[in-house]
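Overview (structure and organization)
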Amino acid sequence: YIRAVFPPVVCAVTVTLIGLALTGTGMKYWGGGVVCAEMIWKQHAQVVGAVGDTVSAIPGAICTNGEVKLPYGSAEYIGLGFSVLCFLVFLEFFGSPFMKNANVIIALLFGYFIAGVSNYEGLDYVNNDKIAAAPWFDFVWTQWFGLGFYAPALIPVLVAYIVTTVETVGDVTATCEVSR
């Protein structure tokens, strides 16, 4: 029944558009972080508004990851992102069926591990202070977020539900057809 509502063409276009939209975000993370990438343009707009057109088009933003401070798009960040991509492709070719299904999260954990064990001129990429200071067991959401129902969010949540359903139908259909 659901295939009649969401034919393969609709599902394929939805999955493709979601993938294309995520590509830009992935490239921002690959260069040193989304916050750092977006700060380049925010700083540029603020500087141009205050000083005029005498500044360069793209000021050099410094990304802070752990104790390391490097410019956005530095070779260290690109190399770390490339290692994650290579590990993802390796898992896709040589991993078990479970690893192939979970290759994105496994590759991200691999990248986090690589960042955790490596350093830049003696400075750590990963800062574990907040993790070490956190309690072993805690229900954070009960302290910060009250339970309730927000009526204006109902329509956007339903739209998101339908989009997610279309994407899931497309993913499952494509997986089914490829596995035959």
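Our subject in this report is the structure included herewith. (Residues numbered from 1 in each chain as written. Predicted model: local features only at pLDDT ≥ 70, side-chain atom pairs only at ≥ 80, totals over all residues. Heavy atoms only, no water.)

1. Observations regarding the packing of aromatic side chains
- According to the stated counting rule, one finds four aromatic pairs in the structure shown.
- Considering the side-chain rings of phenylalanine 87 and phenylalanine 90, the 6.3 Å spacing of their centres and the 25 degrees angle between planes classify their relative orientation as stacked. Residue phenylalanine 87 and its partner phenylalanine 90 are located together in helix H4 (residues 75-94), separated by three residues, close to a single helical turn.
- In this structure phenylalanine 87 comes out as partly exposed when scored by relative accessible area, which is 22%.
- What links up through ring pairs into an aromatic cluster is the set Phe87, Phe90, Phe93, Phe94 and Phe110. (Phe/Tyr/Trp six-rings, centres within 6.5 Å; stacked < 30°, edge-to-face > 60°. Helix = DSSP H or I, 4+ residues; strand = E, 2+ residues; numbered from the N terminus. Buried < 20%, exposed > 50% of the residue type's maximum accessible area, 1.4 Å probe, protein only.)

2. With respect to the pairing of strand S2 (residues 68-71)
- Only one face of S2 is covered, namely the face carrying Val68 and Leu70; the face carrying Lys69 and Pro71 is uncovered.
- The pairing of strand S1 (residues 62-65) with S2 spans four bridges and is antiparallel. Each residue of the ladder has a partner; that of asparagine 65, found in S2, is valine 68.
- Where S1 hands over to S2, the hairpin turn is made up of two residues, of which glycine 66 adopts a positive phi near 70 degrees. (Pairing = 2+ DSSP bridges.)

3. Points about a nonpolar patch on the surface
- A cluster of nonpolar residues, Phe82, Leu85, Val89, Phe90, Phe93 and Phe94, forms a patch on the protein surface that exposes about 650 Å² of accessible area.
- Its location among the elements puts phenylalanine 94 in helix H4.
- Here phenylalanine 94 falls in the exposed class, since its relative accessible area comes to 63%. (Patch = residues over 30% accessible without salt bridge, like charges linked within 9 Å, V, L, I, M, F, W, Y side chains within 5 Å. Areas by Shrake-Rupley, 256 points an atom, 1.4 Å probe, with all protein chains shown as cover. Salt bridge = Lys/Arg side-chain N within 4 Å of Asp/Glu carboxyl O.)

4. What about the layout of surface pockets?
- Its volume calculated, the largest pocket comes out at about 1000 Å³.
- Lining the largest pocket are 29 residues, with Tyr29, Trp30, Gly81, Val84 and Leu108 sitting closest to its centre.
- Taken together, the elements giving at least two residues each to the lining of the largest pocket come down to helix H2 (8-30), helix H3 (34-51), S1, H4 and helix H6 (103-117).
- Roughly 210 Å³ of volume is contained in the second largest pocket.
- The leading source of residues in the lining of the second largest pocket is helix H9 (residues 154-178), at four residues.
- In terms of residue class, the lining of the second largest pocket is built from two nonpolar, three polar and one charged. (1 Å grid on protein atoms, 1.4 Å probe; cavity = no way out; pocket = protein on both sides within 12 Å on 5 of 7 lines; lining within 4 Å. Points joined across faces, edges and corners; volume = space filled by probe spheres on them. Nonpolar A, V, L, I, M, F, W, Y, C, P; charged D, E, K, R; others polar.)

5. As for the packing of H2 against H9
- For the pair H2 and H9, the least separation of the axes is 8 Å and the interaxial angle reads 105 degrees. When the axes of H2 and H9 are compared, the pair comes out roughly perpendicular. Where H2 approaches H9, its residues Val10, Cys11, Thr14, Val15 and Ile18 are matched on the opposing element by Val163, Val166, Glu167, Val169, Gly170 and Asp171. (Axes fitted to C-alpha atoms, helices over the stretch in contact; angles between N-to-C directions. Parallel < 35°, antiparallel > 145°, perpendicular 65-115°, else oblique. Contact = heavy atoms within 4.5 Å.)

6. Observations concerning the environment of phenylalanine 90
- Since its relative accessible area comes to 43%, phenylalanine 90 is described here as partly exposed.
- Distance from phenylalanine 90 to alanine 107, taken between C-alpha atoms, is 9.5 Å for residues 17 residues apart in sequence.

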